[in-house]
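Read off the chains here:
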Amino acid sequence: MDVKDIIREENLVYKKSRLLTDTPFNFCPGCGHGTVVRLIAEVIEEMGIEHDTVGISPVGCSVFLYDFYDFDVVEAAHGRATAVATGIKRVMPDKFVFTYQGDGDLAAIGTGETIHACNRGENFVIVFINNGIYGMTGGQMAPTTLEGMKTATCPRGRDVKTMGYPLNITPLLAQLDGTYYVTRQAVHTPAAVRKTKRALRQAFENQKNKKGMSIVEVVSNCNSGWGLPPLQANRWMEENMFAKYQLGDMKVDGVLQMR
Amino acid sequence: MAKLRGAIVIDKDRCKGCELCAATCAQQVIAMTTAVNQKGYHYAYMANPEACTGCTNCAVMCPDGVISVYRVKVEA
């Protein structure tokens, strides 16, 4: 059978979600951000909720989400995504609201907003991309940058004596009574990507059922920041990031899963 | 026994040449071109179309959503 005979509309099994515009992503080649942005669009399309969804994109590599999605996206000041999401969700409780935040945003400048929104048990979804990089600003590390990890924006690496330890924030959020679903996933293999998509679906279903705060952390690569080609960056992530940021569910249906 | 045959279509001008699709393909269907697209990246193409099973792993890995996958069942 010729390839031309296979490429027919009736044989289509996968294509880019129609909720993604034709604007190319601003992310670097091989960046996990792109995969997660794509998965969110797929989940929203499958649930058929695109007319009732509001995304919140604060400052960071997530800032241009409004260019990529064919549904509503609101910009927030750096770190304030969960505060903006709280306002929107309380005014329009039937809308599906999610924030899309990096580690510099959620765990550094927005720590206060994040913890209090989780503690209040607001009913929206937080998607948290953890790549150990404060990507958009220079000369500083992210709170999640590992000990000794040298990056483009943090060339001397973390010295715990003066800079403290990497902040593993998601297990802290799982301890709060307001959170309902907390999980940590990755997007470095096809199996991991499919699992992350299921986690995102679960998070949006929780919001639909008014269960409270769902947090999906995705440990991601940052090829440019780490100075590695995409494939090597994924290997480096498996060897180094996963030791500190272990994958898995931390809280399911309001019940802690951690040992 | 029925066999699965697949084919992929790559939106070459959106491809950034990260090679994640080529590395994930168990059948080694995908390779990168020596030519570059309008952004200057070596983009992915089907180097070995006969081997494709349409498993969708390449499309699932693609951070930029440039791959569409087609699949048919062929009676051998």
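Calculation criteria
Here, residues in each chain are numbered from 1, in the same order as that chain's written sequence. Here chains are named by letter from A upward and ligands by number from 1 upward, in the order in which they appear as written. Residues qualify for local features only when their pLDDT is at least 70, as the model is predicted, and side-chain atom pairs are given and counted only at 80 or more; totals for whole chains, interfaces and linings, by contrast, use all residues. To obtain the side-chain values, all non-hydrogen atoms of the structure were used and water was disregarded. The numbering of helices and of strands both runs from the N terminus, where a helix is a DSSP run of H or I of at least 4 residues and a strand a run of E of at least 2. For the radius of gyration, the atom set is restricted to C-alpha positions; the globular benchmark scales as 2.2 Å times the number of residues to the power 0.38. A simple rule labels every residue: compare its accessible area, found with a 1.4 Å probe on the protein chains alone, to the largest value its type can have, and call it buried under 20%, exposed over 50%, or partly exposed in between. We call two residues contacting when some pair of their heavy atoms lies within 4.5 Å. His is not counted, nor are the chain ends, whereas Lys and Arg count as positive and Asp and Glu as negative. In this description, the location of a charge corresponds to atom NZ of lysine, CZ of arginine, CG of aspartate or CD of glutamate. A helix's residues, less one, multiplied by 1.5 Å, set its expected span. Here a strand pair is declared whenever DSSP counts at least two bridges between the two strands. Where helices are involved, their axes are fitted lines through C-alpha atoms of the stretch in contact, as for all axes, and angles between N-to-C directions lie from 0 to 180°. Cavity: a set of points on a 1 Å grid over the protein atoms alone where a 1.4 Å probe fits but cannot get out. Pocket: an open set with protein on both sides within 12 Å along at least five of seven lines, its lining residues, like those of a cavity, having an atom within 4 Å of a point. Grid points are joined across faces, edges and corners, and a volume is the space filled by probe spheres set on the points. By definition here, a salt bridge exists when the distance from a side-chain nitrogen of Lys or Arg to a carboxyl oxygen of Asp or Glu is within 4 Å. The quantity called pLDDT is the predictor's confidence in a given residue, expressed from 0 to 100. Only residues above 30% relative accessible area that lack a salt bridge enter a patch, with like-charged residues linked at up to 9 Å and the nonpolar side chains Val, Leu, Ile, Met, Phe, Trp and Tyr linked at up to 5 Å. Accessible surface is estimated by sampling points in the Shrake-Rupley manner with a 1.4 Å probe; for residues, cover comes only from the protein chains shown. Residues grouped as a nonpolar core are buried Ala, Val, Leu, Ile, Met, Phe, Trp, Tyr and Cys residues, joined through side-chain atoms within 4.5 Å.

## Some remarks on the overall build of chain B
Consideration 1: Tallying secondary structure elements over chain B gives two helices and four strands in all.
Consideration 2: When the elements of chain B are put in sequence order from the N terminus, they spell out β-α-β-β-α-β.
Consideration 3: Its C-alpha atoms give chain B a radius of gyration of 13 Å, near enough to 11 Å, the size a compact globule of 76 residues would have.
Consideration 4: Overall, the C-alpha framework of chain B stretches about 45 × 20 × 20 Å when taken along its three principal axes.
Consideration 5: Considering chain B as a whole, with its 76 residues, one finds that 50% of them fall into the buried category.
Consideration 6: The long-range fraction of contacts in chain B, counting pairs at least 24 apart against all pairs at least 6 apart in sequence, stands at 60%.
Consideration 7: Separation between the mean location of the 8 positive side-chain charges and that of the 6 negative ones in chain B comes to 3 Å.

## What to know about helix 2 (residues 32–47) of chain A
Consideration 1: A rise of 1.5 Å per residue sets the reference length of helix 2 of chain A, with its 16 residues, at 22 Å; its end C-alpha atoms lie 23 Å apart and thus fit the reference within 8%.
Consideration 2: By the criterion of burial, helix 2 of chain A is predominantly enclosed, with 14 of the 16 residues buried.

## Side note on the sheet that holds strand 7 (residues 213–219) of chain A
The strands making up a sheet are joined through hydrogen bonds of the backbone, oriented either antiparallel or parallel.
Residue and element names in this part refer to chain A.
Consideration 1: What the eight strands build is an open sheet, ordered 3-2-4-5-7-6-8-9; its pairing is mixed. Since the sheet does not close on itself, it has two edges, and those belong to strand 3 (72–75) and strand 9 (255–256), each with one partner.
Consideration 2: Taken together, the seven bridges between strand 6 (residues 179–186) and strand 7 define a ladder with parallel strand orientation. Along strand 7, the bridge assignment pairs Gln185 with Val218.
Consideration 3: Seen against the sheet, helix 2 touches strand 2 (53–57), strand 4 (96–102), strand 5 (125–130) and strand 7 and runs at an angle of roughly 175° to strand 4.
Consideration 4: Helix 4 (residues 81–91) rests against strand 2, strand 3, strand 4 and strand 5 of the sheet, and its axis sits at about 175° to strand 4.

## Notes on the layout of surface pockets
All names here are of chain A.
Consideration 1: Approximately 250 Å³ is the volume found for the largest pocket.
Consideration 2: Together, 17 residues line the largest pocket, and Tyr14, Leu39, Glu42, Glu46 and Lys197 are the ones closest to its centre.
Consideration 3: At the level of elements, helix 2 and helix 9 (190–208) are the ones that each hand at least two residues to the lining of the largest pocket.

## With respect to the pattern of salt bridges
Pairs can form between side chains of opposite charge once their charged atoms are near each other.
All names here are of chain A.
Consideration 1: As enumerated under the stated definition, the model contains 19 salt bridges over all chains in all.
Consideration 2: Between Asp5 and Arg8 there is a salt bridge; the shortest N-O distance is 3.7 Å.
Consideration 3: Accessibility expressed as a relative area gives 34% for Asp5, which makes it partly exposed.
Consideration 4: Taking the shortest distance from any N to any O, the salt bridge between Glu205 and Arg201 comes out at 2.8 Å.

## Focus: the confidence of the model for chain B
Residue and element names in this part refer to chain B.
Consideration 1: Mean pLDDT over chain B stands at 94; residues scoring 70 or higher make up 100%.
Consideration 2: Ranking the elements of chain B by mean pLDDT puts strand 1 (residues 2–10) last, at 93, and helix 2 (residues 57–61) first, at 97.
Consideration 3: Interface confidence for the predicted complex, expressed as ipTM, amounts to 0.94; the pTM equals 0.95.

## Points about a nonpolar patch on the surface
Consideration 1: A grouping of Phe64(A), Tyr66(A) and Met136(A) is seen on the molecular surface, where their side chains present a nonpolar patch of about 280 Å² in accessible area.
Consideration 2: As for its placement among the helices and strands, Tyr66(A) is situated in helix 3 (residues 65–68).

## Overview of the environment of Thr99(A)
Residues and elements named next belong to chain A.
Consideration 1: Relative to the elements of secondary structure, Thr99 occurs in strand 4.
Consideration 2: What makes Thr99 buried here is its relative accessible area of 0%.
Consideration 3: Once residues within four sequence positions are removed from consideration, Thr99 is found in contact with Ile56, Ala81, Thr82, Ala85, Phe124, Val125, Ile126 and Val127.

## A few points about empty space enclosed by the protein
Residue and element names in this part refer to chain A.
Consideration 1: All chains considered together, the criterion is met by four cavities of 30 Å³ or more.
Consideration 2: Of the volumes computed, that of the largest cavity is approximately 180 Å³.
Consideration 3: Along the wall of the largest cavity there are 18 residues; nearest its centre are Gly60, Cys61, Gly102, Ile133 and Gly135.
Consideration 4: Of all the elements, helix 5 (residues 103–109) adds the most residues to the lining of the largest cavity, at three residues.

## Examining the sheet that holds strand 1 (residues 12–14) of chain A
Consideration 1: Taken together, the three strands give an open sheet; going across it, the order is 1(A)-4(B)-1(B), and neighbouring strands pair in antiparallel fashion. This sheet does not close on itself; its edge strands, each paired only once, are strand 1 of chain A together with strand 1 of chain B. When strand polarity is set aside, the average angle formed by the axes of neighbouring strands in this sheet is 35°.
Consideration 2: Pairing between strand 1 of chain B and strand 4 (residues 67–75) of chain B: nine bridges, direction antiparallel. Within the sheet, the bridge partner assigned to Ala7(B) lies in strand 4 of chain B and is Tyr70(B).

## A short note on the nonpolar core
Consideration 1: Counting 39 residues, the largest nonpolar core has Ile40(A), Tyr69(A), Phe98(A), Tyr100(A) and Phe204(A) as its most contacted members.
Consideration 2: A per-element tally of this core places helix 2 of chain A first, with eight residues.
Consideration 3: In terms of nonpolar packing, the next biggest core, distinct from the first, is built from 23 residues, Ile10(B), Ile30(B), Met32(B) and Tyr70(B) among them.

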